[in-house]
Amino acid sequence: MTIALPVLESPALDPQEVVGLHEEIRELARTRNAVILAHNYQRPEVQDVADLVGDSLGLSRTAAETEADVIAFCGVHFMAETAAMLAPTKRVLLPDLRAGCSLAATITAEDVRKWKAEFPDHIAVGYVNTTAAVKAELDYCCTSGNVLAIIDAIPKDRGILFLPDFFLGAHIKRMRPNRRVEVWMGECHVHKAINAKTVNEQRLLLPDAEVLVHPECGCAGQLIYETGLGAVDSNGLHILSTEGMVRHAQSSDASTFIVATEVGILHRMRQLIPEKEFVAADPQAVCQYMKTITLEGLRDALLHDQHVVTVPEATRVAAMAALDRMVQIG
Ligand code: 13P
Ligand code: SF4
């Protein structure tokens with residue numbers, strides 16, 4: 001299954017318009033008792049108006065606990081669906097329905113059922129980047145932030161089916177070489193395109209920089225392989241979720257970081273840690289789906305109560321055990 005990449009209009013807002021829209025959105029959020037959640041890859045001006053900016057795990061946990069009536073989700077569709085399942089009494093709004101995910105589109109519920117039939121004794125573990133229907137087929141759901149803790153929570157003698165991200169699956173195999181893991185061949189078009197050659201070119205220019213790599217990246221395995229061969233310096237190479245990158249940059253002694261993931265996170269890092277320098281490993285690493293969410297779209301979502309994301313109750317009930325494990329472990 002493939003999904004169309006949205007063609008992006010550039011909002012080209014001047015600073016006054018941004019201030020005006022921020023005021024309008026905050027007022028709407030107040031009157032509707034809405035919480036605005038934004039993923040680390042959102043546009044800077046959308047991050048700046050949110051109540052919380054974070055990774056998939058942090059946003060899911062907040063959605064599960066919020067006392068707000070409405071969750072305005074500035075992220076992609078599977079994230080809004082996850083919020084709708086974790087907070088079934090809340091109204092979850094996704095400002096733009098084009099906000100899909102190329103990785104989530106690589107597997108269907110029918111694919112999972114067939115795969116499980118081939119490996120009936122295996123435990124099915126799925127990344128949060130999946131549809132609700134796929135989650136309903138899983139034993140455990142995870143994010144890049146807690147994937148290893150989830151693997152460790154599964155009895156050692158059980159084989160694992162990991163889906164849908166091939167590179168994250170390869171990361172599990174590297175980090176837990178004694179586990180029996182079958183990996184689905186899905187990938188994210190943004191992270192796949194970040195290659196080791198580009199990262200190594202940046203390292204030559206910034207030899208003292210630490211390198212922060214998202215495990216979905218195609219370059220992660222290559223960089224570790226080269227490190228093992230001594231081709232690149234192993235010091236300062238870290239495979240981390242988006243929130244792990246932020247935490248690491250806050251606590252590290254390094255002052256410069258090459259960041260191998262979607263470029264939206266650089267805004268968050270620069271806001272939180274202005275004294276350090278953050279450089280994109282690949283400035284072209286832009287998730288068009290994430291960028292469909294604009295301030296105007298968010299304003300209209302709160303104003304016109306659109307687009308409400310719901311999940312059929314039977315699907316939600318079937319997915320809840322896997323989702324509860326995701327929220328509670330790690
Ligand atoms: P995180 O779970 O690290 O936020 O990543 C989500 C995602 O979509 C990565 O592309
Ligand atoms: Fe999906 Fe990739 Fe965009 Fe993340 S960056 S939301 S995995 S398409």
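None of the values given here were measured: they were computed from a predicted structure.

Draft legend 1. Quick peek at the site of ligand 1. Close to ligand 1 lie His39, Tyr41, Asp55, Ser56, Tyr127, Asn129, Ser144, His191, His214, Glu216, Ser241 and Thr242, which account for all nearby residues. Between Ser144 and ligand 1, the recorded distance is 2.9 Å, taken from a side-chain N or O atom to an oxygen atom. Within the contact set of ligand 1, an oxygen atom lies 3.0 Å away from a side-chain nitrogen or oxygen of His214. In the complex, the protein chains occlude 96% of the 300 Å² of accessible area that ligand 1 would expose alone.

Draft legend 2. Looking closely at the packing of aromatic side chains. Scanning the model with the defined rule gives 3 aromatic pairs in all. Residues Trp115 and Trp184 carry aromatic rings whose centres are separated by 5.2 Å and whose planes lie at 70° to one another, so their mutual orientation is edge-to-face. Residue Trp115 is found in helix H5 (residues 109-118), and its partner Trp184 is found in the loop between strand E8 (181-183) and helix H9 (189-192); the two are separated by 69 residues along the sequence. What makes Trp115 buried here is its relative accessible area of 9%. Arranged with centres 5.3 Å apart and planes meeting at 15°, the rings of Phe257 and Phe278 form a pair that is stacked. Separated by 21 residues along the polypeptide, Phe257 in strand E11 (residues 256-260) and Phe278 in strand E12 (residues 277-280) bring together distant segments of the chain. For Phe257, a relative accessible area of 0% puts it in the buried group. The lysine or arginine in question, Arg325, covers the ring of Tyr140, its NZ or CZ lying 4.4 Å from the ring centre.

Draft legend 3. A look at the sheet that holds E11. Read across the open sheet, the 4 strands follow the order E10-E9-E11-E12; overall the sheet is parallel. Lying at the two open borders of the sheet, with one neighbouring strand each, are strand E10 (237-239) and E12. The mean inter-strand angle of the sheet, taken between neighbouring strand axes irrespective of direction, is 25°. As defined by bridge partners, strand E9 (residues 210-213) adjoins E10 across 3 bridges and the pair is classed as parallel. Directly across from Val211, in E10, lies its bridge partner Leu237.

Draft legend 4. Just the layout of surface pockets, in detail. The computed volume of the second largest pocket comes to approximately 190 Å³. Forming the boundary of the second largest pocket are Ser144, Gly145, Asn146, Val147, Leu148, His171, Pro215, Ile239, Leu240, Ser241, Gly244 and Arg247. Secondary structure elements with two or more residues in the lining of the second largest pocket: helix H7 (147-153) and helix H12 (242-251). Among the residues making up the lining of the second largest pocket, the classes are represented as 5 nonpolar, 6 polar and 1 charged.

Draft legend 5. Broad picture of the nonpolar core. In this structure, Ile36, Phe73, Val125, Phe162, Val213, Cys219 and Leu302 are the most contacted members of the largest nonpolar core, which totals 101 residues. If sequence neighbours within four positions are ignored, Val213 has contacts with Cys219, Ala220, Leu223, Leu237, His238, Ile239, Leu240, Met245 and Ala260. Among the nonpolar cores identified, the runner-up in size contains 13 residues, and Ala249, Phe257, Val259 and Leu266 belong to it.

Draft legend 6. Here's a closer look at the site of ligand 2. Inspection of the region around ligand 2 gives 13 residues, with Cys101, Asn129, Cys188, Glu216 and Cys287 positioned closest. Assessed atom by atom at 2 Å from the grid points, ligand 2 resides in the largest cavity. Classifying every residue of the shell around ligand 2 gives 8 nonpolar, 4 polar and 1 charged.

What counts, and where the lines are drawn
- Residues numbered from 1 in each chain as written.
- Chains lettered and ligands numbered in written order.
- Predicted model: local features only at pLDDT ≥ 70, side-chain atom pairs only at ≥ 80, totals over all residues.
- Heavy atoms only, no water.
- Near = heavy atom within 4 Å.
- Polar contact = N/O pair within 3.5 Å; in protein donor to acceptor, adjacent residues only side chain to side chain.
- Areas by Shrake-Rupley, 256 points an atom, 1.4 Å probe, with all protein chains shown as cover.
- Phe/Tyr/Trp six-rings, centres within 6.5 Å; stacked < 30°, edge-to-face > 60°.
- Helix = DSSP H or I, 4+ residues; strand = E, 2+ residues; numbered from the N terminus.
- Buried < 20%, exposed > 50% of the residue type's maximum accessible area, 1.4 Å probe, protein only.
- Lys NZ or Arg CZ within 6 Å of the ring centre and 35° of its normal.
- Pairing = 2+ DSSP bridges.
- Axes fitted to C-alpha atoms, helices over the stretch in contact; angles between N-to-C directions.
- 1 Å grid on protein atoms, 1.4 Å probe; cavity = no way out; pocket = protein on both sides within 12 Å on 5 of 7 lines; lining within 4 Å.
- Points joined across faces, edges and corners; volume = space filled by probe spheres on them.
- Nonpolar A, V, L, I, M, F, W, Y, C, P; charged D, E, K, R; others polar.
- Core = buried A, V, L, I, M, F, W, Y, C linked by side-chain atoms within 4.5 Å.
- Contact = heavy atoms within 4.5 Å.
- Sits in = over half its atoms within 2 Å of the grid points.

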